[in-house]
Amino acid sequence: MNPSSFSVESGQALTSLLKFENRFASLPASFYTRLQPTPLPAPYSVGVSPAAAALIGLDATTLATPAMVEAFTGNELLPGSDPLAAVYSGHQFGVWAGQLGDGRAILLGGVLHHVPHQNQIWELQLKGAGRTPYSRGADGRAVLRSSIREFLCSEAMHGLGIPTTRALCVTGSDQPVIREDIETASVVTRMAPSFVRFGSFEHWFYNSQPEELRTLADYVIREFYPELLTETNPYQALLHEVTLRTARLMAQWQTVGFCHGVMNTDNMSILGLTLDYGPFGFMEAFNANHICNHTDQQGRYAYAMQPRIALWNLYALGQTLVALIGSVEGTQAALESFQPEFDAVLAARWHAKLGLRESLPNDQALIDRLFEIMQANRPDFTLLFRKLGELKIGDPSSDESIRDLFLDRPAFDAWASDYRARLQQEQSMDAARGAAMHAVNPKYVLRNYLAEVAIRKAKQKDFSEVEKLRAILSKPFDEQPENESYAALPPDWASGLEVSCSS
Ligand code: AMP
Ligand code: MG
């Protein structure tokens, strides 16, 4: 279907549904290339997020209508949208990669949604909507497998309370797409206030275009950090704020065992959101050196490396802002807020995960010892913390199912005995502590095998499991007795699953 041939009836309906305000398109032409998505034949709806839809005043039923499926595949243009692909650059695996850009993502524009007391603009982006001038020889497509993973994980992260880009819907088409195997094309519609990346700043810095760099920084401050406009040095304040948000994000990732997999500077959000879901994974058997991305042979982005890589990336961002900030010292000072913020949020989150209300001098040693026995015994990260919420101070028999996660049970018993003593120190009550712990230790995370089951069914055109997982993961802290099996350890067949950059 031709993007310009948008039907009158659905066009009118959609005009009244979505009001576009295209902020990014108001930047100078050098920031992007205007272009149309490339249509896909006979698209169908694969999944819809009612929660994301509500953010722009839509509902799930509307999103699954043929007109919307066409629109969110890029086959028909939503009235008021001004599609474009943005340019950015970046460091990939620590090496300057030069110009990248939206190689397969097309920004439709920003949708204004009125909510009480604020007007929120959500940018809508079609990922997998065809080639752009930044595709660098690749096909501009995304496969069904990776789109379902991005859709489910975006919404799962939101369910966990972790800042992330959102996913409105996924559509599919039978058009073949060649990866290691022949797969099929898919488009995931992402939503965020902005998709500007650290690499967007690096782009102008390394191309020696200070005017564009300033324009970008001013745009980001004006639109997304307006409270910083009154600071003496808004550019320094911006770096400081991005540093704090990124530090908090890392503390959140680490404490749910989320591994991003490709923390290149072009995948780092200037808003501190989790961005670009590729070979990500939730850690199952604990291993601090866990590498979720099969392509990352050196383990640059291993679980334990994530916080320091984030800081490395912030230095790359800081480098671009030195001239605007006015001094290396001022830049350095903004970046130095990372470690104390990360440490503080991380400690608060481990405390909460262990049900500790107070912070006492020996707590860090207790936490460190837990990680030592976890490293030696590889218990399932999610199950361990969830089950710790069921421990009863006066009843060691309540530990049975926790002990089962450890090969070296005496090592766990020794730790548990110190943990009990520590809980008694603050007169911890089992019921209240258990409830508080269950509110921060998820029962359900997007395990690779769960995504894989949903993907296999979706390849057979059965999308029920995508919806089922989405629904379960939207309430990850709730007991859902009917979905108990989704909280279980991965089955044996899952040990062979690998995720790579192929998407
Ligand atoms: P990623 O590692 O997925 O963040 O991608 C790095 C860069 O490659 C970005 O500029 C993407 O837009 C681009 N890219 C990845 N896959 C494709 C594809 N299939 N077609 C075009 N560009 C792509
Ligand atoms: Mg990317």
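Located above this text is the structure these notes cover.
This text gives an overview of the structure that appears in the document. (Residues numbered from 1 in each chain as written. Chains lettered and ligands numbered in written order. Predicted model: local features only at pLDDT ≥ 70, side-chain atom pairs only at ≥ 80, totals over all residues. Heavy atoms only, no water.)

Turning to the packing of helix α5 (residues 144-159) against helix α17 (residues 448-459), a few remarks are in order. Two numbers describe how α5 lies on α17: the axes approach to 10 Å, and their chain directions differ by 130°. One finds that α5 runs oblique with respect to α17. For α5 against α17, the interelement crossing comes out right-handed. Together, L144, R145, I148 and R149 of α5 and N448, A451, I455, A458 and K459 of α17 make up the contact between the two elements. Taken together, the residues of the contact of α5 with α17 sort by class into five nonpolar, one polar and three charged. (Axes fitted to C-alpha atoms, helices over the stretch in contact; angles between N-to-C directions. Helix = DSSP H or I, 4+ residues; strand = E, 2+ residues; numbered from the N terminus. Parallel < 35°, antiparallel > 145°, perpendicular 65-115°, else oblique. Left-handed = near helix turned anticlockwise from the far one by under 90°. Contact = heavy atoms within 4.5 Å. Nonpolar A, V, L, I, M, F, W, Y, C, P; charged D, E, K, R; others polar.)

Counting across every chain of the model gives 29 salt bridges. For R197, the salt bridge identified is with D276, shortest N-O distance 3.2 Å. Of this pair, R197 sits in the loop between β11 (182-192) and α6 (198-206) while D276 is found in the loop between β12 (258-259) and β13 (281-282), placing the two residues 79 residues apart along the sequence. Of the residues examined, D276 reaches a relative accessible area of 13% and is grouped as buried. (Salt bridge = Lys/Arg side-chain N within 4 Å of Asp/Glu carboxyl O. Buried < 20%, exposed > 50% of the residue type's maximum accessible area, 1.4 Å probe, protein only.)

Moving on: the coordination of the magnesium ion (ligand 2). The protein atoms donating to the magnesium ion (ligand 2) are N267 (OD1) and D276 (OD), with metal-donor distances spanning 1.9 to 2.2 Å. Each member of the pair, N267 together with D276, is buried. (Donors = N, O, S within 2.8 Å, 3.2 Å for Na, K, Ca; no water.)

If you walk through the whole model with that rule in mind, you get zero disulfides. The thiol sulfur of C169 is not disulfide-bonded, and the nearest other cysteine sulfur, from C153, lies at 17 Å. Residue class for C169 comes out buried when judged on its relative accessible area of 3%. Here C501 is not disulfide-linked; the sulfur of C292 is the nearest cysteine sulfur, at 9.3 Å. (Disulfide = S-S within 2.5 Å.)

In the vicinity of ligand 1 lie 17 residues, with G101, G103, R136, G140 and N267 positioned nearest. The contact in question runs from a nitrogen atom of ligand 1 to an N or O atom on the side chain of D139, over 3.0 Å. In this structure, N267 approaches ligand 1 through a side-chain N or O atom, which is 2.9 Å from an oxygen atom. Its residues placed into classes, the shell around ligand 1 shows three nonpolar, six polar and eight charged. (Near = heavy atom within 4 Å. Polar contact = N/O pair within 3.5 Å; in protein donor to acceptor, adjacent residues only side chain to side chain.)

Just geometry here; none of it tells us what the structure is for.
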